[in-house]
Amino acid sequence: MEMKTNGKSAAFSSETGLVDSELGGSVNQYDLSPEVNEENAQSDLTYGIDDTPPWYLCIFMALQHYLTMIGAIVSIPFILTPALCMEESDPARGHIISTMIFVTGIVTFIQATFGCRLPIVQGGTISFLVPTLAILHLPEWKCPSSDYIKSLSPDDRTELWQVRMRELSGAIAVSALFQVFIGYFGCMGIILRYVTPLTIVPTVSMVGLSLFANAGAAASQDWSIAGATIILLTLFSQIMTEVKVPGIKYSSKHGLKITWFNLFKLFPVLLTIMIMWAVCAILTYIDYFPPGHPARTDIKLNIVHASSWFRVPYPGQWGIPTVSASGVLGMLAGVLACTVESISYYPTTAKMCGAPPPPVHAINRGIGTEGLGTVLAGLWGSGNGTNTFGENVGAIGVTKIGSRRVIQYACILMLLQGVINKFGAVFIIIPEPVIGGIFCVMFGMITAFGLSALQYVNLNASRNLYIIGFSMFFSLVLPQWMQANPGAIQTGNAVADNILTVLLSTSILVGGATGCILDHIIPGTPEDRGLIAWANQMKLEAEPTVSGEKSTYDWPVGMSLLRRWKWTSYIPFLPTYNPKKSN
């Protein structure tokens, strides 16, 4: 089968799937050179989705993904914990961070191995913070005065925030059952019939564009450091990709020998972070930055000292979750927003990593598994749900490394960090301007890939220009107004107010819904709307394969057993297909 990747024709063969590599390894196990990946020879991918890089390269590539996601995850508890009425000196703040990363490791491994099987990271999301804050702003959950909190005993102060965490945990876990249902019961196939290119463009693009404030807030703390970070990342990922450096390779037959490999193409993000972190450390040592400057590497050292060495998160660690109608219905808005966002990421990620378009059974499993992950996050008491990390999708576009195995290695790092608290605390002290510079590039890549769906539509059609312009502009205007006027919705019902406020404050949901509705009510030919070209890209059925071949979206185990039973074709999330006879 042939597919298009970044404008170039690339051959994809399902004969070299992950199942083979998981059972027997790769024939190129010790070759560092990207040229050995014949399937990607005609594209700019270094490793495709089913490729298995050497284990030592996987470790560094996994660390690259870990560093990409750690900043986003750590930022969530710093917004969440004050709303929970938790004191700044409470060591439980670090426990919540470790819990979020621990759950991220579990859910990501399930998703990449048995879910949609795309190399995506599933973790905490800002989309859940909006309904969370709306719930915690209800009269019964508002924090008392700081003087009152200080007058409480230590046990009472702990109970003060834990009772709120239990309310959030129950709301998150129960609301996510909706996502589990629509995924595992096959509803995504129906939903995808209404997801057109003019739905994808505003949805995915607004993920990057709506995060510009977060990237700008971090980068603007020191534009010299952030600017240097952007320059280095651009240099490594776009200009020096073909520059090779010497390395040492060992094999049992030839022993040690010198080999040349594309260091900058493999590790642009990791190299950039390490270099800029070292620069900030040197400037801190010579006191170039004044005390308290955000680029200093010593302002968060107390986090490392205060962190415990070992702690294993467990379900119900804050008590048994509680459930209320207002909490569940309010949190449902976050679940809907995450569902729309993840649907948009699947074909984008598949294109980035050289995979065929995801069939409907893979999308069903992906959404169902994401819902299952959110249920687990609620039961574990992370205070947040799970969603596809746009930052790591952007990292695939920058690094050109789309191997599923790399993500599985990253899961091991996440699980270790969730248990060894000081390990994660070291990465928390990365200077904010460095993270801001990385985000400027990553979010830009996400926006660009969202806009790439415009290749399917006729941009000479005035109806398409109207839909694109209005859906993207309106999805910036309305959420900004909602945030400036949080009490604007007054229906007389607090639950309805919370739901509408959350929905109208989520730019990706506003943009995607606006684009979808306008695309279906404004007259247009299938060619102008891009439906014909999009149907070839977003197939709803797995392609027939010769008996014995393996598909990218097949499970790593049990496929031979499933194919013996014809009734499995009626289960919407099973990776089955209509076999064809070999010649």
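Residues numbered from 1 in each chain as written. Predicted model: local features only at pLDDT ≥ 70, side-chain atom pairs only at ≥ 80, totals over all residues. Heavy atoms only, no water.

**A short note on the nonpolar core**
Part 1 of the argument: By size, the foremost hydrophobic cluster in this structure holds 113 residues, and its most contacted members are Y66, L118, W161 and I225.
Part 2 of the argument: The biggest single contributor to this core is helix α2 (residues 55-83), with 13 residues.
Part 3 of the argument: Counting residues in each nonpolar core, the second largest holds six residues, with F102, V103, L376 and A377 among its members. (Core = buried A, V, L, I, M, F, W, Y, C linked by side-chain atoms within 4.5 Å. Buried < 20%, exposed > 50% of the residue type's maximum accessible area, 1.4 Å probe, protein only. Helix = DSSP H or I, 4+ residues; strand = E, 2+ residues; numbered from the N terminus.)

**Things to note about the confidence of the model for the protein chain**
Part 1 of the argument: For the protein chain, the mean per-residue pLDDT works out to 76, and 81% of the residues sit at or above 70.
Part 2 of the argument: Averaged pLDDT values over the elements of the protein chain bottom out at 32 in helix α1 (residues 18-24) and peak at 91 in helix α7 (residues 177-184).
Part 3 of the argument: For the stretch residues 1-42, pLDDT sits under 50, and the model shows 95 contacts to residues farther than four places along the chain or on other chains.
Part 4 of the argument: For the stretch residues 577-583, pLDDT sits under 50, and the model shows 14 contacts to residues farther than four places along the chain or on other chains. (pLDDT = per-residue confidence, 0-100. Contact = heavy atoms within 4.5 Å.)

**What to know about the state of the cysteines**
What is meant by a disulfide is a covalent connection between two cysteines, made through their sulfur atoms.
Part 1 of the argument: This structure, assessed with the given rule, holds one disulfide.
Part 2 of the argument: At a sulfur-sulfur separation of 1.9 Å, the disulfide partner of C85 is C143. Because the torsion about its S-S bond is -100°, the bridge between C85 and C143 counts as left-handed. Of the two residues, C85 is situated in the loop between α2 and α3 (92-113) and C143 in the loop between α4 (129-136) and α5 (146-151); the sequence distance between them amounts to 58 residues.
Part 3 of the argument: On the basis of relative accessibility, which here comes to 34%, the residue C143 falls in the partly exposed class. (Disulfide = S-S within 2.5 Å.)

**Comments concerning α7**
Part 1 of the argument: Those residues of α7 that fall on the buried side of the exposure criterion are Q179, V180, I182 and G183.
Part 2 of the argument: Directly beyond the C-terminal end of α7, a positive phi value near 80° is found at G186.

**Some details on the pattern of salt bridges**
Part 1 of the argument: Summed over the entire model, instances satisfying the criterion amount to five salt bridges.
Part 2 of the argument: With a shortest N-O distance of 3.7 Å, D287 and R296 are connected by a salt bridge.
Part 3 of the argument: Between D519 and R463 there is a salt bridge whose closest N-O contact spans 2.8 Å. With a gap of 56 residues between them, D519 in helix α23 (residues 507-521) and R463 in helix α21 (residues 462-484) connect regions that are remote in the sequence.
Part 4 of the argument: Classification of D519 as buried rests on a relative accessible area of 1%.
Part 5 of the argument: The network of salt bridges with common partners includes R463, D519 and R529. (Salt bridge = Lys/Arg side-chain N within 4 Å of Asp/Glu carboxyl O.)

**Section: empty space enclosed by the protein**
Part 1 of the argument: Overall, the coordinates contain seven cavities of 30 Å³ or more when judged by the stated rule.
Part 2 of the argument: Taken as a whole, the largest cavity spans an internal volume of roughly 110 Å³.
Part 3 of the argument: Lining of the largest cavity is provided by 11 residues; of these, T348, K351, F449, S452 and W534 occupy positions nearest its centre.
Part 4 of the argument: Elements that contribute at least two residues to the lining of the largest cavity include exactly α15 (325-352) and α25 (531-537).
Part 5 of the argument: When residues in the lining of the largest cavity are grouped by element, the largest group, three residues, is from α15.
Part 6 of the argument: Class assignment for the residues of the lining of the largest cavity results in six nonpolar, four polar and one charged. (1 Å grid on protein atoms, 1.4 Å probe; cavity = no way out; pocket = protein on both sides within 12 Å on 5 of 7 lines; lining within 4 Å. Points joined across faces, edges and corners; volume = space filled by probe spheres on them. Nonpolar A, V, L, I, M, F, W, Y, C, P; charged D, E, K, R; others polar.)

**Here's the deal with helix α11 (residues 223-239)**
Part 1 of the argument: In a regular helix each residue adds 1.5 Å, so 17 residues correspond to 24 Å; α11 covers 22 Å between its end C-alpha atoms and thus fits that length.
Part 2 of the argument: Three or more residues of α11 are buried, namely I225, A226, T229, L232, L233, F236 and S237. Projected down its long axis, α11 shows its buried positions confined to an angular sector of 125°, all on one face. What points out from α11, more than 90 degrees from its buried face, is the exposed set S224, I231 and I239. (Expected span 1.5 Å × (residues − 1). Arc of directions from axis to C-beta.)

**Side note on the side chain of S169**
Part 1 of the argument: Position of S169 relative to the elements: it lies in helix α6 (residues 154-175).
Part 2 of the argument: On the basis of relative accessibility, which here comes to 3%, the residue S169 falls in the buried class.
Part 3 of the argument: If we ignore the near neighbours within four places in the chain, the residues touching S169 are P321, G378 and G381.

**Section: the packing of aromatic side chains**
Part 1 of the argument: In the structure shown here, the tally under the stated rule is six aromatic pairs.
Part 2 of the argument: Ring plane angle 25° and centroid distance 4.7 Å describe the contact between F181 and F185, whose orientation is recorded as stacked.
Part 3 of the argument: By relative accessible area, which is 43% here, F181 ends up partly exposed.
Part 4 of the argument: With relative accessibility at 60%, the residue F185 sits in the exposed group. (Phe/Tyr/Trp six-rings, centres within 6.5 Å; stacked < 30°, edge-to-face > 60°.)

**Things to note about the packing of helix α10 (residues 212-219) against helix α20 (residues 432-451)**
Part 1 of the argument: Running from amino to carboxyl end, α10 crosses α20 at an angle of 150°, the nearest separation of the two axes being 7 Å. You can see that α10 and α20 cross each other, and the crossing is left-handed. Here A215, A218 and A219 of α10 come into contact with α20, specifically with E432, P433, G436, G437, F439, C440 and F443.
Part 2 of the argument: Within the contact of α10 with α20, the residues separate by chemical class into seven nonpolar, two polar and one charged. (Axes fitted to C-alpha atoms, helices over the stretch in contact; angles between N-to-C directions. Left-handed = near helix turned anticlockwise from the far one by under 90°.)

**Observations concerning a nonpolar patch on the surface**
Part 1 of the argument: A cluster of nonpolar residues, L209, F473, L476 and V477, forms a patch on the protein surface that exposes about 340 Å² of accessible area.
Part 2 of the argument: Sort the elements by how many residues they give to the nonpolar patch and α21 lands first, with three residues.
Part 3 of the argument: Take V477: it is sitting in helix α21.
Part 4 of the argument: Its relative accessible area of 38% is what places V477 among the partly exposed residues. (Patch = residues over 30% accessible without salt bridge, like charges linked within 9 Å, V, L, I, M, F, W, Y side chains within 5 Å. Areas by Shrake-Rupley, 256 points an atom, 1.4 Å probe, with all protein chains shown as cover.)

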